[in-house]
Amino acid sequence: AAPVMLSRFRGALVGSVLGDCIGGEFEGAVDVPLDRVLQHLSALEDETRGDGILQYSDDTAMMRCVADSLLTRMAFDERDMARRFAKEYNLAPGRGYGSGVIQVLRKLASPHLKDVFQPAQAQFGGRGSFGNGGAMRAAPFALAFKSRADVCRYSRLGAMLTHSCSLGYNGAALQALAVHLSLQGALALPKEFINKLISEMEEMEKDETAQLDAKALNLSDFPYCSRLHRVKELMDRNSVSIEEVISELGNGIAALQSVPTAIFCVLHCLEPRDGLPERFGGLERTIAYSLALGGDTDTIACMAGAIAGAHYGIDSIPQSWQKSCEGVEEADDLARRLYDLYCLP
Ligand code: 8NA
Ligand code: MG
Ligand code: MG
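Residues numbered from 1 in each chain as written. Chains lettered and ligands numbered in written order. Predicted model: local features only at pLDDT ≥ 70, side-chain atom pairs only at ≥ 80, totals over all residues. Heavy atoms only, no water.

Regarding the overall build of the protein chain
In step 1: Scanning the protein chain for helices and strands turns up 18 helices and zero strands.
In step 2: The globule rule puts the C-alpha radius of gyration for 345 residues at 20 Å, and the 18 Å found for the protein chain is close to it.
In step 3: Considered along the principal axes of its C-alpha atoms, the protein chain spans approximately 55 × 40 × 40 Å.
In step 4: Counting over 345 residues, the protein chain shows a buried share of 59%.
In step 5: By sequence separation, contacts in the protein chain at least 24 residues apart represent 75% of the contacts at least 6 residues apart.
In step 6: Split by element, the accessible area of the protein chain, about 14,300 Å² in all, is 49% carbon and sulfur.
In step 7: Within the protein chain, one finds 34 positive and 45 negative side-chain charges whose respective centroids are separated by 6 Å. (Helix = DSSP H or I, 4+ residues; strand = E, 2+ residues; numbered from the N terminus. Rg over C-alpha atoms; globule rule 2.2 N^0.38 Å. Buried < 20%, exposed > 50% of the residue type's maximum accessible area, 1.4 Å probe, protein only. Contact = heavy atoms within 4.5 Å. Areas by Shrake-Rupley, 256 points an atom, 1.4 Å probe, with all protein chains shown as cover. Lys, Arg positive; Asp, Glu negative; His and termini not counted. Charge placed at Lys NZ, Arg CZ, Asp CG, Glu CD.)

Right under this line is the structure:
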């Protein structure tokens, strides 16, 4: 079974980078007609295309820091990971970071900083960020840790370096868990997959801090659980419009409005869908569909790409797509090394 698992690991990180690079085209767009998505995707197959390779953004830059840190330290080391985020931002500040997180990354660069979690806690008047920046980089946690409990614990801590609101770090844990389950082949039974995520989030959202944050933001008591129940309802429908998905699940930069959405994209595209080319495999459908939702397309496609890539494996990803995106080889290398680490007794 080793080659299958290796293919899934590589698919997860390469899928994540592809979503980021390919999705960047429509980031922030309100209305993205499917025609435009398909045009953008078919341009990837055109080798004579003159506009060069698609660049990755903050999503991939930070995912690489997470993977590098886990590989170097062979464990979660908050100081090392924080240092890598700060250094990466300093080297390439123009990768499209969220406007709030920049302040955290600047503070994390200080050699005098005692508590690396403190800068994130000072964000947004002390409430912390609920953005999807913790979730967009969470995939490597699922490749570094075997048990569900560890995947949860460390993806949350890793997110807390920049996102101290529970909506931010619980969204990261949800994304890491989805990749974890997908690596195990859990998407073969979609209903069980979503039920497992719901029961995990029920545990997480029972927490007092999660309850208080939800109240302070005027959300229902178990915000992720209630979105995941909506995902389940949408799965049961024969046809779902893009508009319904956006209004039920969201497509924004908040983790709550994008992680469940990314999970839905993967589930919805397990089967062929009207409007998407028949020659597309599941990973291609997932990325195409994520882009068509508009909004935070690079991040939603990045998260959906990681979950889908873990399910379908590296061989499902067209070579032309891989060649069109910056950072694919590096992501593939990180995935192979995380696989070796994972296989250590
Ligand atoms: P962040 O922590 O700066 O959060 C992103 C944004 O969410 C902030 O700038 C705020 O507007 C808002 N926000 C978060 N928490 C709160 C709060 N407690 N109260 C009020 N407002 C809040 O950065 P991040 O790392 O979470 O951001 C990730 C996203 O930004 C990714 O999608 C990434 O690609 C990037 N990005 C997105 C867009 C876009 O148009 N969708 C554009 C540029 C960059
Ligand atoms: Mg981005
Ligand atoms: Mg984004």
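Quick word on helix α12 (residues 223-236)
In step 1: Between the first and last C-alpha of α12 there are 21 Å, a value that for 14 residues agrees with the 20 Å anticipated at 1.5 Å per step.
In step 2: Where α12 is concerned, the buried positions are Pro223, Tyr224, Cys225, Arg227, Leu228, Val231 and Leu234.
In step 3: Packed against the buried residues of α12 are α9 (166-183), α10 (190-205), α11 (208-216), α13 (242-249) and α14 (259-268). (Expected span 1.5 Å × (residues − 1).)

Topic: the environment of valine 231
In step 1: As for its placement among the helices and strands, valine 231 is situated in helix α12.
In step 2: A sequence separation of 125 residues divides valine 231 from arginine 106, and the C-alpha atoms of the two residues are 37 Å apart.
In step 3: In contact with valine 231, other than residues within four places in its own chain, are Ile194, Leu249, Pro260, Phe264 and Leu267.

Focus on the site of ligand 1
In step 1: Taken together, 22 residues lie near ligand 1, and Glu27, Gly100, Ser129, His163 and Asp296 sit nearest.
In step 2: At 3.3 Å from an oxygen atom of ligand 1 is found a side-chain nitrogen or oxygen belonging to aspartate 298.
In step 3: Calculation on ligand 1 without its partners gives an accessible area of 830 Å², and the protein chains cover 79% of this total.
In step 4: When residues of the shell around ligand 1 are traced back to their parent elements, those giving at least two are α3 (58-73) and α16 (297-312).
In step 5: When its residues are assigned to classes, the shell around ligand 1 shows four nonpolar, twelve polar and six charged. (Near = heavy atom within 4 Å. Polar contact = N/O pair within 3.5 Å; in protein donor to acceptor, adjacent residues only side chain to side chain. Nonpolar A, V, L, I, M, F, W, Y, C, P; charged D, E, K, R; others polar.)

What to know about the nonpolar core
Generally speaking, nonpolar side chains in soluble globular proteins are found buried as a group.
In step 1: Ile22, Leu143, Val179, Phe193 and Ile263 are the most contacted members of the largest nonpolar core, which totals 119 residues.
In step 2: By residue number, the principal contributor to this core is α9, which donates eleven residues.
In step 3: Sequence-distant contacts of isoleucine 263, defined by excluding residues within four places in its chain, comprise Leu174, Ala178, Phe193, Ile194, Leu197, Leu228 and Ile307. (Core = buried A, V, L, I, M, F, W, Y, C linked by side-chain atoms within 4.5 Å.)

Let's talk about the packing of helix α8 (residues 148-160) against α9
In step 1: Direction vectors running N to C along α8 and α9 enclose 140°, while the axes themselves pass 8 Å from each other. Put simply, α8 runs oblique to α9. The handedness of the crossing between α8 and α9 comes out as right-handed. Side by side, α8 and α9 meet where Arg148, Val151, Cys152, Ser155, Arg156, Ala159 and Met160 of the first sit next to Tyr169, Asn170, Ala172, Ala173, Ala176, Leu177, His180 and Leu181 of the second. (Axes fitted to C-alpha atoms, helices over the stretch in contact; angles between N-to-C directions. Parallel < 35°, antiparallel > 145°, perpendicular 65-115°, else oblique. Left-handed = near helix turned anticlockwise from the far one by under 90°.)

Brief notes about empty space enclosed by the protein
In step 1: This model, assessed by the stated rule, comprises one cavity of 30 Å³ or more.
In step 2: Considered as a void within the structure, the largest cavity measures approximately 50 Å³ in volume.
In step 3: Residue lining of the largest cavity: Ser166, Leu167, Asn170, Glu205, Ala210, Gln211, Asp221, Pro223 and Tyr224, and that is the complete set.
In step 4: When residues of the lining of the largest cavity are assigned to their parent elements, the largest contribution, three residues, is made by α9.
In step 5: In the lining of the largest cavity, the residues fall into four nonpolar, three polar and two charged. (1 Å grid on protein atoms, 1.4 Å probe; cavity = no way out; pocket = protein on both sides within 12 Å on 5 of 7 lines; lining within 4 Å. Points joined across faces, edges and corners; volume = space filled by probe spheres on them.)

Focus: the coordination of the magnesium ion (ligand 3)
By definition of the ideal shapes, four donors in a tetrahedron about a metal sit 109.5 degrees apart, and six donors in an octahedron sit 90 or 180 degrees apart.
In step 1: Looking at the magnesium ion (ligand 3), one finds its protein donor set to be Glu27 (OE), Asp296 (OD), Asp298 (OD) and Thr299 (OG1), positioned 2.1 to 2.7 Å from the metal centre.
In step 2: When the donors of the magnesium ion (ligand 3) are listed by position in the chain, the intervening gaps give E-x268-D-x1-D-T.
In step 3: Here the magnesium ion (ligand 3) and the magnesium ion (ligand 2) are spaced 3.5 Å apart, linked through aspartate 298, which binds each one.
In step 4: We classify aspartate 296 as buried; its relative accessible area is 3%.
In step 5: Classification of aspartate 298 by relative accessible area gives buried; the value is 1%. (Donors = N, O, S within 2.8 Å, 3.2 Å for Na, K, Ca; no water.)

Here we look at the coordination of the magnesium ion (ligand 2)
In step 1: Protein coordination at the magnesium ion (ligand 2): the donors are Ser57 (OG), Asp58 (OD), Asp59 (OD) and Asp298 (OD), at 2.1 to 2.3 Å from the metal.
In step 2: Within one chain, the residues donating to the magnesium ion (ligand 2) are spaced in sequence as S-D-D-x238-D.
In step 3: Residue class for serine 57 comes out buried when judged on its relative accessible area of 11%.

Structural notes on unusual backbone geometry
In step 1: Residue phenylalanine 124 is not a glycine yet carries a positive backbone phi of 50°.
In step 2: Mapped onto the elements, phenylalanine 124 comes out in the loop between α6 (118-121) and α7 (139-144).
In step 3: A residue is classified by how much of its surface remains accessible, and phenylalanine 124, at 43% relative accessible area, is partly exposed.
In step 4: At asparagine 218, a residue that is not glycine, the phi angle is positive and equals roughly 60°.
In step 5: Within the fold, asparagine 218 resides in the loop between α11 and α12.
In step 6: When its relative accessible area of 73% is taken as the criterion, asparagine 218 is described as exposed.

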